[in-house]
Amino acid sequence: MTRIAGGLIDRNTTLNFTFDGKGYTAHPGDTLASALLAADVRLMGRSFKYHRPRGVMTAGSEEPNALMQVRTGGRQEPNTRATVAEVYDGLEAQSQNRWPSLAFDALGINDRFHSFFAAGFYYKTFMWPRKFWEAVYEPIIRRAAGLGRLTREADPDAYDKGFLHADLLVIGAGPAGLMAALTAGRAGLRVILADEDFLAGGRLNAEAGSVADQGSADWARATVAELAALPTVRLMSRTTVFGVFDHGIYGAVERVSDHLAAPVAGQVRQTLWRIYAPHAVMATGAIERPIAFDNNDRPGVMLAGALRAYANRWAVVPGQRVAIFTNNDSGLASALDLQAKGVDVVAVIDSREGGELLPGIRHLRGAHVVDTSGRLGLTGITIDMKGRRETLAVDALGVSGGWNPNLGLMQQHRARPDWNDQIAAFTPARGPKGLMAVGAAAGEFSTLGALRSGAEAARAVAEALGRQAPYALPKAEDQAYRIAPLWAVPGASRAWVDQQNDVTVKDVKLSHQEAFTDVEHLKRYTTLGMATDQGKTGNLLGAAVMAELTGQSIEATGQTTYRPPFTPVSLGVLGGRSQGRDFKPFRHTPSHHWAAEQGAVFVEVGMWLRTQWLPRKGETEWRQSVDREVLATRKSVGICDVTTLGKIDIQGTDAGAFLDRVYANTFSTLAVGKCRYGLMLREDGMVFDDGTTARLGPHEYVMTTTTANAVTVFRHLEYCRQCLWPDMDVQIISTTEAWAQYSVAGPNARKLLARLVDQDISDAALPYMGCAEVTIGGLRARIFRISFSGELAYEIAVPARYGDGLIRALVAAGEAFDAVVYGTEALGVMRVEKGHVAGNELNGTSTALNMGLGKMVSRKKDAIGVTLSGREALLAEDGLRLVGVKPVNPADAMKAGSHFLKQGAAAVAENDDGWLTSLVWSPHLGHYIALGYLRDGAKRMGEKIRVVNLLAGTDILAEIVSPHFIDPEGERLRG
Amino acid sequence: MDKLLKPLTALGASAPLRKSLGPWELVERVDVALASVAPRRGREGEVARADVPVPAVAASVQGDPWSSFWLTPDMFMVEAPFASHEDIRAHLLGIYGDAASVTEQTDAWVRFDLLGPGLERLMAKLCNVDVVAAPEGYATRTVIEHMGCYLIKRAPSSEGAVTLYGARSMAGSLLHAITLAAGTVA
């Protein structure tokens with residue numbers, strides 16, 4: 001055990017977990033990484049390409065190495081960073097990218113043959129035979145190289161989304177963020193403080209300094225307590241702001257239950273928050289960067305600041321003998337912290353000349369670490385002191401190459417960061433409006449500087465909002481930060497730049513040699529900065545090495561593009577509730593409850609659940625039910641819920657003129673109390689939608705649309721009203737939901753309705769295509785004498801709350817007539833029998849002429865689409881025309897999706913004569929019938945053609961007939 | 001009016017729902033009649049002078065018997081007690097004559113009133129409306145789990161009263177969304 005005294009862990013509670021099947025213990029407050037280090041486990045993974053043994057490198061979300069598969073079953077998650085994963089009792093973690101075990105990994109052989117696996121090797125190596133790439137090479141490479149594996153099971157947890165609003169969003173709860181939130185919160189601003197960590201404080205928890213004469217971690221805790229008590233402050237721990245979007249919108253993921261074995265009942269695993277904040281401060285701190293030297297990737301080599309964090313926050317030292325290699329003052333501070341904790345600091349290797357020597361520590365100046373040893377963990381380092389070499393036995397080495405302001409969020413809008421020589425790093429340039437960087441993220445590396453910049457930013461925001469936000473800074477260290485840049489120590493072996501992607505200095509050199517010198521090319525050529533860590537520790541180092549090679553400055557070399565997400569975001573949380581049954585809402589018709597009682601089979605039409613058919617006792621196959629419903633309707637009467645058809649109320653003194661412009665045919669001349677079938681075209685002349693529109697008053701119409709187009713037609717009408725003809729006096733609103741509407745069709749339809757409707761609905765009082773406002777038992781209702789089935793038919797509507805009552809009343813009144821309730825299948829059969837077009841024919845590529853409705857396009861007026869429907873090609877005499885199709889042999893079953901071919905013609909595309917659009921079994925005729933678009937169809941009545949479906953393997957001889965299979969003269973519907 | 005047909009609520013029940021959601025209460029309201037009112041071109045003045053309050057942009061007005069809330073730049077919704085104004089269109093045509101286009105909307109919507117302090121925590125899981133910053137009487141159109149809704153803030157945040165109007169056919173899905181959301185923050 002390497003636990004030392006102190007730390008921010010709860011030693012009173014012990015948690016049990018496993019890593020690669022072996023049991024370990026931890027305490028609340030531990031991460032997977034700290035708990036493993038406490039158990040002397042240094043080897044935590046294998047590298048991406050060479051399968052090199054790797055340990056933990058950092059103590060935060062920037063971790064490139066310690067990636068693990070956590071949990072099992074449907075909750076298994078690959079590539080979890082051990083440095084941020086909280087240990088819970090029962091956690092199970094597995095190492096990745098190794099076989100058969102982490103300590104003995106067969107593919108470690110890759111490391112021996114590393115010279116074959118330099119950057120871009122597979123571009124050059126696997127060139128031939130060409131077809132081997134996909135079949136052989138790529139699968140092998142993918143197996144050998146990689147991260148974790150996905151589970152094939154469904155995730156059992158729910159995810160969620162939400163929306164938050166604040167005057168000020170503070171991103172990061174280190175010294176700058178805490179001070180910003182405190183200053184703004186005390187001034188009464190609405191503040192959200194979001195921090196990716198589960199413990200607020202940032203580096204205050206990792207360093208042994210003091211703030212306001214108390215330990216820095218104690219000050220952080222006290223500040224959080226005050227913030228929690230402020231009524232306008234919302235503290236969000238375990239919440240990563242991952243993206244900065246337009247207009248002050250930020251994306252954040254709250255890991256609600258990631259620290260638990262499973263979410264508590266009713267709770268979600270994670271929540272995706274959209275945060276609206278006109279002002280935000282980015283207090284994201286800085287990320288320490290490594291120095292490249294030979295074999296700098298062994299388990300035990302880590303960032304100096306991470307060593308310091310493990311010692312101070314988690315009371316863990318990952319070794320007995322520790323050395324520090326630094327080019328800046330923070331490395332010295334790390335050494336002093338470790339020494340104060342009683343750790344044996346063997347040496348501090350300081351690449352800089354001059355400066356004060358650390359007391360009581362072997363402080364070597366002008367020295368470098370040039371190599372390391374130890375197969376599965378560090379055992380020693382070789383140092384160079386101006387040509388003199390020495391080997392030191394150490395089992396932990398902290399490296400500090402300086403600190404990079406963590407500016408990813410600020411740069412997501414493509415602004416290039418500025419180079420700051422003082423700290424040898426990029427600092428954020430101007431970011432999106434309202435977002436400013438503070439603290440270490442802005443290059444303020446002293447604690448007091450961070451506190452001050454956070455408070456100043458909050459005061460500025462308060463002033464912008466007309467508030468005063470005075471603040472007093474607590475006492476804190478304010479030391480200058482000195483650095484002498486050192487990026488890579490020359491060596492003969494391999495020095496890692498990007499440990500996650502196994503990119504070495506040599507790879508960067510190769511990239512340069514092959515002229516991929518731009519940072520974006522360097523990234524693609526070497527994979528520098530890709531994958532889960534997005535180069536948080538390696539990117540700048542890679543660019544610096546390239547800059548040395550090209551002779552350009554690092555500033556001119558630049559950085560690759562920053563994009564959201566800042567750290568990995570699960571697909572589950574992006575999907576949120578929208579999965580499974582909750583993928584979209586359901587719409588229920590007014591007869592739904594009655595139909596469900598009857599055992600109806602429902603079909604999804606858009607979001608509606610419509611009755612598809614209603615099986616009766618003894619019916620085992622859908623066709624039995626549908627045939628019965630069709631025959632009973634045609635014989636006597638059938639009832640169908642048609643509420644789903646769009647209903648749009650159109651009023652105003654220009655309502656008629658408006659309809660004339662949106663419909664191809666004329667409506668201004670329609671008499672009050674009458675309905676008319678209307679055809680609506682798109683601007684390009686194709687048919688958009690159809691339906692019946694009724695004139696209820698001089699300036700009042702109600703339009704019906706198809707179910708599918710209810711929304712798009714309404715949107716189109718609004719566009720016409722608001723944008724095309726804003727001067728017209730027209731008011732429109734959807735009333736689809738307001739009315740429950742039923743079709744009552746069949747020879748006895750009138751008799752049935754007469755039992756319910758209070759008024760006279762005889763043929764004389766309500767002739768075909770008439771409409772009227774009536775009452776049912778005194779309740780206001782509307783009746784339309786229109787027919788889709790070809791039968792004597794009405795549509796009757798009542799306010800939706802009475803829809804259930806009406807279906808029950810219709811069924812009860814219909815008993816005397818053997819009435820049936822029919823579903824969408826029977827509806828479809830009857831409309832095909834009647835030759836009415838529907839969605840299959842209105843497919844967006846057909847014209848009125850194609851449908852045999854060419855005469856409906858009035859040339860006496862202008863309307864949307866009329867002009868372009870007159871294009872020469874669309875008017876071709878031999879174009880597609882709607883026809884009816886019936887098999888010559890009634891026993892033949894034509895197949896949906898078939899195409900038409902002349903007899904004797906080869907079944908190739910150039911001989912295609914059109915296609916079958918709708919196919920039904922007609923119980924009335926006793927065989928299949930179909931509608932279809934046939935080339936020059938109007939002139940081919942009686943012709944025998946072939947109905948061919950190559951997929952189904954059918955080739956059926958059929959006759960072209962009128963699309964009106966039943967009652968072509970329309971006597972029934974006028975009856 | 002003695003009716004042959006029995007009404008059902010949007011959720012398919014004979015009585016409106018009243019349900020506790022942690023610290024909050026959800027009350028389904030079926031006792032309010034609704035109609036949209038859109039002044040005819042050039043008749044805005046007549047509509048404004050009528051005995052029905054015209055709401056300002058993104059606002060609602062409470063009154064007796066007429067209340068109203070804003071829908072679009074040229075349309076607002078009128079609310080009145082269902083018991084006395086079931087045929088609300090007839091009532092309003094009596095007031096406006098042909099100065100406005102009036103459409104009955106009562107049964108196009110399901111109405112859920114959410115009640116109780118701290119409602120902003122629940123609303124944060126439902127839609128992007130800032131119910132804390134919104135003034136009392138604020139009315140807007142928003143989207144909850146793909147469902148278009150009207151939202152009206154009826155009382156100050158300290159009391160907590162928000163009305164949601166959602167499409168009647170989606171009443172079940174809207175209730176489901178509210179219940180799930182409440183489960184995560186209650």
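Every chain is numbered on its own, with residues counted from 1 as its sequence reads. Chain letters and ligand numbers both follow the written order, the letters beginning at A and the numbers at 1. Per-residue local features are limited, in this predicted model, to residues with pLDDT of at least 70; the limit for side-chain atom pairs, both in listing and counting, is 80 or more; totals at the level of whole chains, interfaces and linings are taken over all residues. To obtain the side-chain values, all non-hydrogen atoms of the structure were included, while hydrogens and water were left out.

S.K.: Tell me about the overall build of chain B, and please be specific about residues and values.
M.R.: The number of helices and strands found in chain B is five helices and 11 strands. Note on method: radius of gyration uses C-alpha positions; expected globular size equals 2.2 Å times residues raised to 0.38. What you see for chain B is a C-alpha radius of gyration of 17 Å, in line with the 16 Å of a compact globule of 186 residues. In terms of overall dimensions, chain B has a C-alpha envelope of 50 × 45 × 30 Å along the principal axes. Between buried and exposed lies partly exposed: a residue is buried under 20% and exposed over 50% of the maximum accessible area for its type, with that area taken using a 1.4 Å probe on protein chains only. The buried share among the 186 residues of chain B stands at 57%. Only the protein chains shown count as cover for residues, and the accessible areas themselves come from Shrake-Rupley with a 1.4 Å probe. Of the accessible surface of chain B, which amounts to about 7200 Å², a share of 54% is contributed by carbon and sulfur atoms. Put simply, DSSP H or I for four residues or longer makes a helix, DSSP E for two residues or longer makes a strand, and each gets a number counted from the N terminus.

S.K.: Could you give an account of the overall build of chain A, naming the residues involved and the relevant values?
M.R.: For chain A, the helix and strand inventory stands at 22 helices and 52 strands. Here the C-alpha atoms of chain A give a radius of gyration of 38 Å, more than 25% beyond the 30 Å that 2.2 N^0.38 yields for 975 residues. Projected onto its principal axes, the C-alpha positions of chain A cover 115 × 70 × 55 Å. When the 975 residues of chain A are sorted by exposure, 59% land in the buried category. Here, residues are in contact when the closest pair of their heavy atoms is within 4.5 Å. In chain A, once contacts between residues fewer than 6 apart in sequence are set aside, the share between residues at least 24 apart is 66%.

S.K.: Please give an account of the packing of aromatic side chains that cites residues and values.
M.R.: We call Phe, Tyr and Trp rings a pair once their centres come within 6.5 Å, taking the six-membered ring for Trp, and we label the pair stacked below 30 degrees between planes, edge-to-face above 60, and tilted otherwise. The final tally for this structure, using the stated rule, is 17 aromatic pairs over all chains. Look at Phe-242 of chain A and Phe-245 of chain A: their rings are 6.2 Å apart centre to centre, the planes differ by 75 degrees, and that puts the pair in the edge-to-face class. Judged by its relative accessible area of 8%, Phe-242 of chain A falls in the buried class. Members of the aromatic cluster, each reached through a chain of ring pairs, are Phe-69, Trp-109, Tyr-150 and Tyr-165 of chain B. The rule for a charge over a ring is simple: NZ of Lys or CZ of Arg within 6 Å of the ring centre, and within 35 degrees of the ring normal. Taking the ring centre of Phe-198 of chain A as reference, the NZ or CZ of Arg-313 of chain A above it sits at 5.0 Å. In this structure, Arg-141 of chain B packs its charged tip against the face of Tyr-150 of chain B, placed 4.9 Å from the ring centre.

S.K.: Hey, could you go over the domain arrangement of chain B for me, with residue numbers and the actual values?
M.R.: All names here are of chain B. What counts as a domain boundary in this text is fixed by an automatic or database domain assignment. The domain boundaries assigned to chain B delineate domain 1 (18-30 + 108-185) and domain 2 (32-104). For domain 1 and domain 2, the distance between their C-alpha centroids amounts to 23 Å. Contacts between domain 1 and domain 2 engage 11 residues on the former and 12 residues on the latter. Two parts placed together each lose some accessible area under a 1.4 Å probe, and the buried area is that loss summed for both. Interface area for domain 1 against domain 2, summed over the two sides, is near 1000 Å², with a carbon-plus-sulfur share of 56%. If you sort the residues of domain 1 by the area they bury against domain 2, Ala-139, Tyr-150 and Arg-154 come out on top, with a joint share of 40%. Basic side-chain nitrogens of Lys or Arg form a salt bridge, by our definition, when they fall within 4 Å of a carboxyl oxygen of Asp or Glu. Counting across the domain 1 and domain 2 interface gives two salt bridges. Salt-bridge contacts for Glu-79 lead to Arg-111; the nearest nitrogen and oxygen are separated by 3.2 Å. Think of a polar contact as two N or O atoms within 3.5 Å of one another; within protein, one of them needs to be a possible hydrogen donor and the other a possible acceptor, and neighboring residues in sequence only count if both atoms come from side chains. Between the two partners, domain 1 and domain 2, sit six residue pairs in polar contact (both at pLDDT 80 or more). Only strand E8 (109-115) and strand E10 (147-153) provide two or more residues apiece to the side of domain 1 that touches domain 2. Grouping the constituent residues of the side of domain 1 that touches domain 2 by class yields seven nonpolar, one polar and three charged. Here the term charged refers only to Asp, Glu, Lys and Arg, the term nonpolar to Ala, Val, Leu, Ile, Met, Phe, Trp, Tyr, Cys and Pro, and the term polar to all other amino acids, Gly among them.

S.K.: Describe the sheet that holds strand E26 (residues 396-400) of chain A, listing the residues and the values that go with them.
M.R.: Residue and element names in this part refer to chain A. Think of it this way: DSSP has to see at least two bridges between two strands before they count as a pair. The five strands lie next to each other as E19-E26-E20-E21-E22, forming an open sheet whose pairing is parallel. At either end of the open sheet lies a strand with only one pairing partner, and these are strand E19 (301-303) and strand E22 (363-365). Geometrically, the sheet is characterised by an average inter-axis angle of 20 degrees between neighbouring strands, direction not taken into account. Pairing analysis gives three bridges linking E19 to E26, with the strands arranged parallel. For every element, the axis is a line fit to its C-alpha atoms; helices are fit only across the contacting stretch, and the angle between N-to-C directions ranges from 0 to 180 degrees.

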